[in-house]
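# Descriptive structure summary
Now for the letters of each chain:
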Number of protein chains: 2
Amino acid sequence: MTGRAVGVDVGGTNVRVALVDADHAVLHRVAAPTLRGDVGSLVETVAGLVEDLDAEGAPVGVGVAGIVDHDGVVRYGANVGLSDAPLARLLRARLGRCVVVRNDATVAMWGEHVAGAAVGVDDAVLLTVGTGVGGGVVTGGVLLEGASGLAAELGHMVVLEGGRDCTCGNQGCLEAYASGTAIASRATARLATWDRPTSLPDAPDGSQVVDAAHAGDELAVEVVQEVGRWLGVGAAGLVNALDPAVVVVGGGAGEAAFDLLAPAMVRSLRGHVYGLAHRTVPDVVPAALGDRAGVVGAAELARTAALDAR
Amino acid sequence: MTGRAVGVDVGGTNVRVALVDADHAVLHRVAAPTLRGDVGSLVETVAGLVEDLDAEGAPVGVGVAGIVDHDGVVRYGANVGLSDAPLARLLRARLGRCVVVRNDATVAMWGEHVAGAAVGVDDAVLLTVGTGVGGGVVTGGVLLEGASGLAAELGHMVVLEGGRDCTCGNQGCLEAYASGTAIASRATARLATWDRPTSLPDAPDGSQVVDAAHAGDELAVEVVQEVGRWLGVGAAGLVNALDPAVVVVGGGAGEAAFDLLAPAMVRSLRGHVYGLAHRTVPDVVPAALGDRAGVVGAAELARTAALDAR
């Protein structure tokens, strides 16, 4: 497992590219705004950043916010405005290198597995709590990909059939209850009838709520704990289905609010796991790599793929 | 993969034992009632049946209705009345052979994978609809076991947080909505306010409801379709998480009612899967091996384990 690789994280706002060495250290980083909705522009942005790194033909791994199949086709990515876009093929043609494209939370899970919160853990789950809720799964030491590569869309598992509208068009998805967006919308809804003191503005965003909760604002604390409770419901379903040894909580909101979320999440997890008295319950831990998880995991997948291709 | 093996299926009512050849054909079967709640009696029952088969030291695979860890300890099995029972160790000591013990639905999944409805399918899910709802998962051609061997308790994933009481002590589990028991209890509840003709008796059991539904009884059909709808919600969560190519429906009620369940299940599955317009939806198929799935899968696991141990 020698040599360097390039990791790329394509989010709704920015494209971040990093050169990563064989020990998973990030050597150099560059970024540019995401031009949404046009795969040609995205290919040029990524290719330009990769060339800026002067990485001398190093293989390229890409994580994209969307569902991505085994062939590296972005089947659907609302936040990046792509559907059925053959990103891997186009990048390979443009760069002339080994290119691997996967879902962003899946590569982040791999990053946490090889260099972060799940090192040495062969069965682990990552829940990323950001604008939405993403997921990644390692089982038996292997990244869970599924029949078409579309596995681990953990934010769209139903936890309350017929419940809150989700951005995906369904109702009752975990994401509708446990995302940063849900933190903001719940706080706004609760404010309408809240008659005790609060430091929150009228329509707070998720990070304002998390900041207020850290400062002890009662309403903000309640909203964040409620999200923790829902994350525990979702995590319990994953524990029942996958029996991980560790559940990692990542994503911007998840990491910022981890200390406030975790106790409610663990309580709820324990309350929903099957056979509690006769089993261990996995550790719930914060992601360790922050926003580097995606580039580190993507780079490692690319390095492995390049070695396999020799 | 030569040689014969013994498959054992320990259910709440009967212990069934079969001699299975290397091509997964069942050569001979014996059975006895399950003596619940006493692991010593269970060991004697299984050992006696295995010896009756005259299988000459063939390895023994056992599927048990309960959560079973990697060491073959039945951590908890309500239907067989066991907890923290080291069944594999006791059977090994009694029989002097290679013994493997796993969850019953997990071994049934393996049976369907090696010789039934999921042959050649590397990513598959089994939902068994009987007294409860059990599950098994194959991912990347490997049986999903998890960190402790407790994975695939798919009946206890929450589909309606705070909903119906489940036998496990939680609320809103898939099993509370989609088991044979749920078929019976829903029919009984609906009968209280039903004012149109029905052939159902006052407190029907699950198979009476399924039979009546096959005969066209309107209330029975509605109840079975409702169960199909919930199975679709659960299956969609599993598709989002695991991306299987096939979802197999097994278990007594699941197989008996498959033709009535499946259309509602598929509709509901399609309505809850993420990115429907950009992905294929797995086939929903009935189990092919019936009540042989458990013994065939258990025998195959034992044969493989015995070969690995050489």
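See the structure above.
All of these numbers come straight from a predicted model, not from anything done at the bench.

Reading the values: rules and limits
- Residues numbered from 1 in each chain as written.
- Chains lettered and ligands numbered in written order.
- Predicted model: local features only at pLDDT ≥ 70, side-chain atom pairs only at ≥ 80, totals over all residues.
- Heavy atoms only, no water.
- Least-squares fit on C-alpha atoms with pLDDT ≥ 70 in both.
- Contact = heavy atoms within 4.5 Å.
- Phe/Tyr/Trp six-rings, centres within 6.5 Å; stacked < 30°, edge-to-face > 60°.
- Helix = DSSP H or I, 4+ residues; strand = E, 2+ residues; numbered from the N terminus.
- Buried < 20%, exposed > 50% of the residue type's maximum accessible area, 1.4 Å probe, protein only.
- Lys NZ or Arg CZ within 6 Å of the ring centre and 35° of its normal.
- Pairing = 2+ DSSP bridges.
- Expected span 1.5 Å × (residues − 1).
- Polar contact = N/O pair within 3.5 Å; in protein donor to acceptor, adjacent residues only side chain to side chain.
- Axes fitted to C-alpha atoms, helices over the stretch in contact; angles between N-to-C directions.
- Parallel < 35°, antiparallel > 145°, perpendicular 65-115°, else oblique.
- Left-handed = near helix turned anticlockwise from the far one by under 90°.
- Nonpolar A, V, L, I, M, F, W, Y, C, P; charged D, E, K, R; others polar.
- Core = buried A, V, L, I, M, F, W, Y, C linked by side-chain atoms within 4.5 Å.
- Buried area = accessible area lost by both parts, 1.4 Å probe.
- Salt bridge = Lys/Arg side-chain N within 4 Å of Asp/Glu carboxyl O.
- Arc of directions from axis to C-beta.

## Quick notes on the relation of the copies chain A and chain B
Comparison of the two chain copies shows a relationship of rotation about an axis with a shift along it. Expressed as a screw transformation, the operator carrying chain A onto chain B has a rotation angle of 180° and an axial translation of 0.0 Å, and the superposed copies differ by an RMSD of 0.0 Å. Expressed as an axis order, the relation between the two copies is that of a two-fold axis. Closest to the rotation axis within chain A is the C-alpha of leucine 160 of chain A, separated from it by 2.1 Å. Mapped onto chain B, 100% of the interface residues of chain A again fall at the interface, so both copies present the same surface.

## Structural notes on the packing of aromatic side chains
Throughout the structure, instances matching the rule amount to 4 aromatic pairs over all chains. Ring centres of tyrosine 76 of chain A and tyrosine 274 of chain B lie 6.2 Å apart, and the angle between their planes is 55°; this geometry places the pair in the tilted category. Linking tyrosine 76 of chain A in strand S6 (residues 74-77) with tyrosine 274 of chain B in the loop between helix H9 (258-272) and strand S13 (283-286), this pair reaches from one chain into another. A relative accessible area of 12% means that tyrosine 274 of chain B is categorised as buried. One cation-aromatic arrangement involves arginine 229 of chain A over tryptophan 230 of chain A; the distance from NZ or CZ to the ring centre is 5.2 Å.

## Digging into the pairing of strand S3 (residues 26-33) of chain B
Residues and elements named next belong to chain B. When strand S2 (residues 14-20) meets S3, the two strands line up antiparallel, connected through 7 bridges. Note on S3: the bridge partner recorded for valine 20 is valine 26. Remark: 5 residues form the turn of the hairpin made by S2 and S3, two consecutive strands paired antiparallel; histidine 24 in that turn has positive phi of roughly 75°.

## Observations regarding helix H1 (residues 39-52) of chain B
Think of an α-helix as 3.6 residues a turn; residues three or four steps apart then line up on the same face. Residue and element names in this part refer to chain B. In a regular helix each residue adds 1.5 Å, so 14 residues correspond to 20 Å; H1 covers 20 Å between its end C-alpha atoms and thus fits that length. Among the residues making up H1, those that are buried are Val39, Leu42, Val43, Thr45, Val46, Ala47, Leu49 and Val50. Structurally, H1 contributes buried residues whose contacts are with strand S1 (5-10), S2, S3, strand S4 (60-64), strand S7 (82-85) and helix H2 (87-95). Looking at where H1 begins, the residue whose side-chain oxygen comes 3.0 Å from the main-chain nitrogen of glycine 40 is aspartate 38. At the exit of H1 stands aspartate 54, carrying a positive phi of roughly 55°.

## So, the packing of helix H7 (residues 218-242) of chain A against helix H9 (residues 258-272) of chain A
Residue and element names in this part refer to chain A. Look at H7 against H9: their axes get within 7 Å of each other, and the N-to-C directions meet at 40°. Accordingly, the angle class assigned to the pair H7 and H9 is oblique. With respect to the hand of their crossing, H7 and H9 are arranged in right-handed fashion. Listed contacts from H9 to Val224, Gln225, Val227, Gly228, Arg229, Leu231, Gly232, Val233, Ala235, Ala236, Val239 and Asn240 of H7 are Leu260, Leu261, Ala264, Met265, Ser268, Leu269 and His272. Tallied by class, the residues present in the contact of H7 with H9 amount to 12 nonpolar, 6 polar and 1 charged.

## Notes on the nonpolar core
The biggest cluster of nonpolar side chains holds 110 residues, and the ones touching the most others in it are Leu127 and Leu154 of chain A together with Leu127 and Leu154 of chain B. With residues near it in sequence (within four places) discarded, leucine 127 of chain B still touches Val133, Gly134, Leu154, Leu174, Leu231, Ala235, Leu238, Val247, Val248, Val249, Gly250 and Met265 of chain B. Grouped together as the second largest cluster of nonpolar side chains are 33 residues, Ala58, Val68, Ala85 and Ala88 of chain B included.

## Quick notes on the sheet that holds strand S5 (residues 67-68) of chain B
Residues and elements named next belong to chain B. Overall, antiparallel pairing links the 3 strands, which are arranged S5-S6-S7 in an open sheet. This sheet does not close on itself; its edge strands, each paired only once, are S5 and S7. Pairing of S5 with strand S6 (residues 74-77) involves 2 bridges; the strand directions are antiparallel. Residue pairing for S6: isoleucine 67 is matched across the bridge by tyrosine 76.

## Describing the side chain of histidine 24 of chain A
Of note, histidine 24 of chain A is situated in the loop between strand S2 (14-20) and strand S3 (26-33). If we ignore the near neighbours within four places in the chain, the residues touching histidine 24 of chain A are Val114, Ala115, Val296, Glu300 and Arg303 of chain A.

## Topic: the interface of chain A and chain B
With 44 residues of chain A at the interface, the matching set in chain B holds 44 residues. Summed over both sides, the interface of chain A with chain B buries roughly 3800 Å², with 57% coming from carbon and sulfur. Contact with chain B buries surface across chain A, with Glu161, Tyr274 and His278 of chain A losing the most and accounting together for 21% of the total. Our count for the chain A to chain B interface comes out at 2 salt bridges. Between arginine 229 of chain A and glutamate 161 of chain B there is a salt bridge, with the nearest N and O atoms lying 3.3 Å from each other. Taken together, the connections running from chain A to chain B amount to 28 residue pairs in polar contact (both at pLDDT 80 or more). Those elements that provide at least two residues to the side of chain A that touches chain B are S6, strand S7 (82-85), H7 and H9 of chain A. A per-element tally of the side of chain A that touches chain B places H7 of chain A first, with 7 residues. Considered class by class, the residues forming the side of chain A that touches chain B number 21 nonpolar, 14 polar and 9 charged.

## Some words on H2 of chain B
Residue and element names in this part refer to chain B. Of the residues making up H2, those classed as buried are Leu87, Ala88, Leu91 and Leu95. Mapping the buried residues of H2 onto a view down its axis gives an arc of 95°, with all of them on the same face. For H2, the exposed residues lying more than 90 degrees away from the buried face are Arg89 and Ala93. Next to the buried residues of H2 lie H1, S4, S6, S7 and strand S8 (99-103). Taken from the residues just after H2, glycine 96 is the one with a positive phi, measuring 65°.

Function-wise, these values are silent; they only describe arrangement.
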